[in-house]
Amino acid sequence: MSEPHVYDMIVVGGGPGGYTAALYAARAGLDTLVLEKLSAGGQMALTEQIDNYPGFEEGIDGFTLAERMQTQAERFGAKTEYAQVDRMDLTAVPKVLETSEGVFYARTVAVATGANPRELGLPGEAALTGRGVAYCAACDGMRYKGKTVVVVGGGNSAAADAMLLSRVAKKVILVHRRDTLRATKIYHAPLMQAQNIEFRWNSVVAELLQDGKLTGVKLRDVNTGEETTLPCDGVFISVGRKPATDLVAGQLTLDRSGYIVADETTRTNIPGVYAVGDVRTKPLRQVVTAVADGAAAVHMAEEYLAGGE
Amino acid sequence: MAALNISQEQFREMIQGDKPVLVDFWAPWCGYCRRIAPVYEKIAEEYGDRLTAVKLNIDEAEQVTEEEGVEVIPTLILYKNGKALDSVVNPGSKAAIDQFIREALEK
């Protein structure tokens, strides 16, 4: 039997961090493979307009930016396999990655699996996804033209979703469990000024009402416990993210929220394994910080491969 | 072979055939649809000997979309001899599409 092919670096996840790692690795002459389960971009692929990634003065949509990052990395020889990783052995020599497209081997691994929207955890939530329950206003907002929608959350993404939906929907009702938004100041004035945005403070969604598709929500006041029914056509859930670290749990050290513990070197507790992008413990999760991680990971991997780490 | 965009009329004719036809109900404004597009092209190539993969823009095929009961996009439906074998809504990975096709072809 022939020896299996061993890549210098396998990047798990094709978001901005992943493809930047692939770009730097390929340009450093490393034999590089990206494993991506669906498409380049990760969370960014569903972002309608990115205005805070420097160099695109008119903004750029996330999917196009992702495709360009992929094409750029591939121009220097990085490869992409559309594979779902089922299991990894990160301490083996070489490291082993079992996927839907076969088994791959690598000397170093960059874990760039990102994060996903956090769910409310209510009964029926999964079944109603796409039938009134949504997690991405930029993706699904157009379906609610002229309708009434609820946005749950109080952070930047909830505020951005409410603004976006207010331009499409007839009415937007923002439901937040506190009495003030956590979103940065820039959002407050436009939200308050919008004619068709209402606020339900100190409230949580207690129940999703449905007849096969969503018909409304039951709200509970967190102070009084009083429950009210709010008819609506859609509910956009924007209550933060959870890291995609199920795959590495038990091998890599995670913090209490499930993020991989790593500093700006991106090094994890296992030599030759790096945490890139939103999946890593860090104060700010943005495209610009994800791409920085990608570059740092390759720098550390080169040292490791040279035997210097 | 690349996945071609077809019309309602082509849809009605194609699905009658003995060779299975995989239809991607999509729309240009749908973000999820864009995400599966590169993988769908790969599927069209990989399964080219066993099925024909096509795309139907629901904005240009309102009648068929309603007849087929497609309420959420992207929806993939596999047809053979005029019948829908199975469907999958908003698949999250190429692996999920692979599994859907494998199981639907056995029906």
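Before any of the text, the structure's been laid out above.
Below, the structure is looked at part by part. (Residues numbered from 1 in each chain as written. Chains lettered and ligands numbered in written order. Predicted model: local features only at pLDDT ≥ 70, side-chain atom pairs only at ≥ 80, totals over all residues. Heavy atoms only, no water.)

Glancing now at the overall build of chain A. Looking only at helices and strands, one finds 7 helices and 17 strands in chain A. Taken over the C-alpha trace, chain A has a radius of gyration of 21 Å; the compact-globule value for 309 residues is 19 Å, and the two agree within 12%. On the principal axes, the C-alpha backbone points of chain A span a range of 65 × 40 × 30 Å. For chain A, the proportion of its 309 residues judged to be buried stands at 50%. For chain A, the share of sequence-separated contacts (at least 6 apart) that also reach a separation of at least 24 residues comes to 57%. Taken as a whole, chain A presents about 14400 Å² of accessible surface, with 48% of it coming from carbon and sulfur. (Helix = DSSP H or I, 4+ residues; strand = E, 2+ residues; numbered from the N terminus. Rg over C-alpha atoms; globule rule 2.2 N^0.38 Å. Buried < 20%, exposed > 50% of the residue type's maximum accessible area, 1.4 Å probe, protein only. Contact = heavy atoms within 4.5 Å. Areas by Shrake-Rupley, 256 points an atom, 1.4 Å probe, with all protein chains shown as cover.)

Attention now moves to the interface of chain A and chain B. With 23 residues of chain A at the contact, the number on the chain B side is 18 residues. Summed over both sides, the interface between chain A and chain B buries roughly 1800 Å², with carbon and sulfur atoms accounting for 56% of that surface. For chain A, the biggest contributors to the area lost against chain B are Leu38(A), Tyr82(A) and Arg143(A); these three give 33% of the whole. Our count for the chain A to chain B interface comes out at 3 salt bridges. Among the salt bridges present, the one from Lys94(B) reaches Glu101(A), with a minimum N-O distance of 2.9 Å. Between chain A and chain B we count 8 residue pairs in polar contact (both at pLDDT 80 or more) in total. For the side of chain A that touches chain B, the secondary structure elements donating two or more residues are helix 2 (62-75) and helix 4 (137-140) of chain A. With 3 residues, helix 2 of chain A is the single largest residue contributor to the side of chain A that touches chain B. Partitioning the side of chain A that touches chain B into residue classes produces 9 nonpolar, 6 polar and 8 charged. (Buried area = accessible area lost by both parts, 1.4 Å probe. Salt bridge = Lys/Arg side-chain N within 4 Å of Asp/Glu carboxyl O. Polar contact = N/O pair within 3.5 Å; in protein donor to acceptor, adjacent residues only side chain to side chain. Nonpolar A, V, L, I, M, F, W, Y, C, P; charged D, E, K, R; others polar.)

Residue and element names in this part refer to chain B. On the surface, a cluster of negative charge is contributed by Asp59, Glu60, Glu62 and Glu66. With respect to the element layout, Glu66 can be found in helix 3 (residues 62-67). Note on Glu66: relative accessible area 68%, which makes it exposed. (Patch = residues over 30% accessible without salt bridge, like charges linked within 9 Å, V, L, I, M, F, W, Y side chains within 5 Å. Lys, Arg positive; Asp, Glu negative; His and termini not counted. Charge placed at Lys NZ, Arg CZ, Asp CG, Glu CD.)

Residue and element names in this part refer to chain A. At a minimum axis separation of 8 Å, helix 1 (residues 16-27) and helix 2 run at an interaxial angle of 20°. Judged on the interaxial angle alone, helix 2 and helix 1 are roughly parallel. Of the two elements, helix 1 crosses helix 2, and the hand of that crossing is left-handed. Counting all contacts with helix 1, which are made through Pro16, Tyr19, Ala22, Leu23 and Ala26, the residues of helix 2 involved are Met69, Gln70, Gln72, Ala73 and Glu74. Residue composition of the contact of helix 1 with helix 2, grouped by class: 7 nonpolar, 2 polar and 1 charged. (Axes fitted to C-alpha atoms, helices over the stretch in contact; angles between N-to-C directions. Parallel < 35°, antiparallel > 145°, perpendicular 65-115°, else oblique. Left-handed = near helix turned anticlockwise from the far one by under 90°.)

Sheet strands associate in pairs through backbone hydrogen bonding, adopting either a parallel or an antiparallel arrangement. All names here are of chain A. Strands sit in the order 12-13-14 across an open sheet of 3 strands; the sheet is antiparallel. Both edges of this open sheet fall to strand 12 (203-210) and strand 14 (227-231), since each of them pairs with a single strand only. Between one strand axis and the next, the sheet turns by 25° as a mean value, whatever way the strands run. Taken together, the 7 bridges between strand 12 and strand 13 (residues 214-221) define a ladder with antiparallel strand orientation. By the bridge assignment, Leu209 is partnered in strand 13 with Gly216. (Pairing = 2+ DSSP bridges.)

Residues and elements named next belong to chain B. With mixed pairing, 5 strands are arranged side by side in an open sheet as 1-3-2-4-5. This sheet does not close on itself; its edge strands, each paired only once, are strand 1 (4-5) and strand 5 (83-89). In this structure, strand 1 lies alongside strand 3 (residues 52-57), joined through 2 bridges in parallel fashion. Looking at strand 3, one finds that Leu4 is bridged to Val54.

All right, on to the side chain of Gln8(B) then. Checked against the element boundaries, Gln8(B) lands in helix 1 (residues 8-14). Owing to a relative accessible area of 13%, Gln8(B) belongs among the buried residues under this scheme.

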